[in-house]
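# Remarks on the overall topology
Chain residues, written in single-letter form:
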Amino acid sequence: MLDEALIESLLYVRGEEGITLKQLNQFTTCTEEQLEQWMLELAKDDKRGIQLKKYGNRYKFVTKKQFSEQVEQLATDRTVSSLSQAALEVLAIIAYKQPITRVEVDDIRGVSSDGPLQRLIQRELVGEQGRLDQIGRPILYGTTDLFLEQFGLESLEKLPPLPTREDDREETDLFMSQFKEAFS
């Protein structure tokens, strides 16, 4: 007997990695031929928001192409949603000054940045880029590829230049508001 719900659950749990018929067979009483026939039928099912795809000998659920834009937007929003003002400040400092230690970020901000830094690490916007070669070997932080993706940058060289004169402060405020808008 084919337990379709169990098979769907196993496909779901394997996610990006996918699952082979041989692996599925370990959890069901079906033959690989029965499983393959059901997989072909499931792949033809057009009533769902996901579809079954076969890549080599692995099967996995993927989003239907027609929904890819909305799904990507949701995934993006979840990653960077609701960054606090402090986290935005820390992110901007790291983006422009990397690699940089937490103590250096604290010095620039004038307050502790540990909490916002940990949230940025959890959201994979910032990561460890080595250690400073001095007493205590403090961690050096920098932005990640996910940061570049979220901000729509090909590389860090594409970050807008920071104004250098005091009378360019209005330009800085404009950029920071755009930066904040992109990550809130």
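Notes on the structure follow. In this text the structure is predicted, and so the values were computed from the model without any measurement. (Residues numbered from 1 in each chain as written. Predicted model: local features only at pLDDT ≥ 70, side-chain atom pairs only at ≥ 80, totals over all residues. Heavy atoms only, no water.)

### Here we look at a negative patch on the surface
On the surface, Glu69, Glu72, Asp145 and Glu149 cluster together into a patch of negative charge. At the level of elements, helix H4 (68-80) and helix H8 (145-151) are the ones that each hand at least two residues to the negative patch. Position of Glu149 among the secondary structure elements: in helix H8. (Patch = residues over 30% accessible without salt bridge, like charges linked within 9 Å, V, L, I, M, F, W, Y side chains within 5 Å. Areas by Shrake-Rupley, 256 points an atom, 1.4 Å probe, with all protein chains shown as cover. Salt bridge = Lys/Arg side-chain N within 4 Å of Asp/Glu carboxyl O. Lys, Arg positive; Asp, Glu negative; His and termini not counted. Charge placed at Lys NZ, Arg CZ, Asp CG, Glu CD. Helix = DSSP H or I, 4+ residues; strand = E, 2+ residues; numbered from the N terminus.)

### Here we look at helix H7 (residues 114-122)
Note: α-helices contain 3.6 residues per turn, so residues at a spacing of three or four share the same orientation. Within the sequence span of H7, burial applies to Pro116, Leu117 and Leu120. Buried residues of H7, seen end-on, are gathered within an arc of 100° and therefore sit on one face of the element. The inward-facing, buried residues of H7 abut helix H5 (85-97), helix H6 (102-109), strand E4 (126-131) and strand E5 (139-143). One or two residues past the end of H7 sits Glu124, with phi positive at roughly 60°. (Buried < 20%, exposed > 50% of the residue type's maximum accessible area, 1.4 Å probe, protein only. Arc of directions from axis to C-beta. Contact = heavy atoms within 4.5 Å.)

### Describing the sheet that holds strand E2 (residues 50-55)
Each strand in a sheet pairs with another by means of backbone hydrogen bonds, the pair being arranged parallel or else antiparallel. Spatially, three strands are ordered E1-E3-E2 in an open sheet, and the strand pairing comes out antiparallel. Either end of the sheet is taken by a strand with one partner, and the two such strands are strand E1 (19-20) and E2. With two bridges joining them, E1 and strand E3 (residues 58-63) adopt antiparallel strand pairing. Paired with Thr20 across the strands is Arg58, a residue of E3. (Pairing = 2+ DSSP bridges.)

### Some words on the pairing of E3
The sheet contact formed by E2 and E3 spans six bridges and is antiparallel. Each residue of the ladder has a partner; that of Gln51, found in E3, is Val62. The turn joining E2 and E3, which pair antiparallel and follow one another in sequence, is formed by two residues; a positive phi near 65° is taken by Gly56.

### Focus on the pattern of salt bridges
Side chains bearing opposite charge may pair, as long as their charged atoms lie close to each other. Inspection of the entire model under this criterion finds seven salt bridges. Among the salt bridges present, the one from Arg102 reaches Asp106, with a minimum N-O distance of 2.5 Å. With Arg102 and Asp106 both in helix H6 and four residues apart, the pair spans about one turn of that helix. A residue is classified by how much of its surface remains accessible, and Asp106, at 14% relative accessible area, is buried. Here Arg137 makes a salt bridge to Asp133, at a shortest N to O gap of 3.6 Å. Note on Arg137: relative accessible area 41%, which makes it partly exposed. A single salt-bridge network, built from bridges that share partners, covers Glu8, Asp45 and Arg48.

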